[in-house]
Amino acid sequence: MKIKKGYRLRPLGKEYILVAEGLDVLDANTMVSMNATAAFLWEAVEGKEFNAETLVQLLLDEYDVDRETAEKDVKALLQTWNEADAIVD
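**Student:** Can you walk me through the layout of surface pockets in this structure?
**Tutor:** Empty space left among the atoms is revealed by rolling a probe the size of a water molecule over them. Its volume calculated, the largest pocket comes out at about 180 Å³. Here the lining of the largest pocket gets four residues from one element, more than from any other, and that element is helix 3 (residues 67-83). Grouping the constituent residues of the lining of the largest pocket by class yields eight nonpolar, two polar and one charged.

Here is the structure:
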């Protein structure tokens with residue numbers, strides 16, 4: 001997977017907003033709210049190839065979380081990013 005060009009992560013208080021910008025993005029009105037953990041993952045893989053296991057391992061390395069929880073959270077996050085059309089396989 002890879003993050004599509006044209007998406008920018010913007011801080012908004014304690015949260016982050018993923019905003020679609022530019023010609024590479026079909027829907028310029030797309031915005032996704034993310035917490036600090038999701039933003040950490042986004043920034044860690046931006047511009048790189050990654051898969052679900054990459055994100056799980058980042059969570060395990062950075063946070064005190066068990067594998068099952070990390071896998072569940074990554075699955076939900078990837079679904080959100082897919083629905084926003086922010087990543088490509």
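**Student:** What is the right way to read the confidence of the model for the protein from this model?
**Tutor:** Detailed conclusions should not be drawn from predicted coordinates in areas where pLDDT is low. The pLDDT averaged across the protein works out to 90; a share of 90% of its residues lies at or above 70. Highest mean pLDDT in the protein belongs to helix 2 (residues 52-62) (98); lowest belongs to strand 4 (residues 31-34) (88).

**Student:** Any chance you could explain the pairing of strand 3 (residues 15-20) here in plain terms?
**Tutor:** Looking along a regular strand, one sees the side chains alternate between the two faces of the sheet. Pairing analysis gives six bridges linking strand 2 (residues 7-12) to strand 3, with the strands arranged antiparallel. Within the sheet, the bridge partner assigned to Leu-12 lies in strand 3 and is Glu-15. Between strand 2 and strand 3, which follow one another and run antiparallel, lie two residues, and Gly-13 among them has a positive phi close to 65 degrees. As paired strands, strand 3 and strand 4 are joined by four bridges and run antiparallel to one another. Bridge pairing in strand 4 links Ile-17 to Ser-33.

**Student:** I keep staring at the pattern of salt bridges and nothing clicks. Help me out?
**Tutor:** Between side chains of opposite charge, pairing is possible as soon as their charged atoms come close. Counted according to the given criterion, the structure contains three salt bridges. A salt bridge links Lys-4 to Asp-85, with the shortest nitrogen-to-oxygen separation between them at 2.8 Å. Taken together, the residues Lys-4 in the loop between strand 1 (2-3) and strand 2 and Asp-85 in the loop between helix 3 and strand 5 (87-88) connect sequence positions 81 residues apart. Of the residues examined, Asp-85 reaches a relative accessible area of 31% and is grouped as partly exposed. Close ionic contact of Arg-67 with Glu-53 constitutes a salt bridge, the shortest N to O distance being 3.2 Å. One end of the pair, Arg-67, is in helix 3; the other, Glu-53, is in helix 2, with 14 residues separating them in the sequence. Taking relative accessible area as the criterion, Arg-67 reaches 34% and is therefore assigned partly exposed. Through salt bridges that share partners, Glu-53, Arg-67 and Glu-71 make up one connected network.

The rules behind each value
- Residues take numbers from 1 onward in each chain, read along the sequence in its written order.
- For a predicted model such as this one, the threshold for reporting local features is a pLDDT of at least 70, and the threshold for listing and counting side-chain atom pairs is 80 or more; totals across whole chains, interfaces and linings nevertheless cover every residue.
- Based on all heavy atoms of the structure, the side-chain values leave hydrogens and waters out of the count.
- Residues are called lining when one of their atoms sits within 4 Å of a cavity or pocket point, these points coming from a 1 Å grid over the protein atoms alone, where a cavity is a set in which a 1.4 Å probe fits but cannot get out and a pocket is an open set with protein on both sides within 12 Å along at least five of seven lines.
- Grid points are joined across faces, edges and corners, and a volume is the space filled by probe spheres set on the points.
- To qualify as a helix, a DSSP run of H or I must reach at least 4 residues; to qualify as a strand, a run of E must reach at least 2; elements of each kind are numbered from the N terminus.
- Three residue categories are used. Nonpolar comprises Ala, Val, Leu, Ile, Met, Phe, Trp, Tyr, Cys and Pro, charged comprises Asp, Glu, Lys and Arg, and polar comprises the others, including Gly.
- Each residue carries a pLDDT score, the predictor's own confidence in it, on a scale running from 0 to 100.
- Pairing between two strands requires that DSSP report at least two bridges joining them.
- We count a salt bridge whenever a side-chain nitrogen from Lys or Arg sits within 4 Å of a carboxyl oxygen from Asp or Glu.
- Exposure categories follow from relative accessible area, calculated using a 1.4 Å probe and restricted to protein chains: below 20% of the type maximum is buried, above 50% is exposed, and the middle band is partly exposed.

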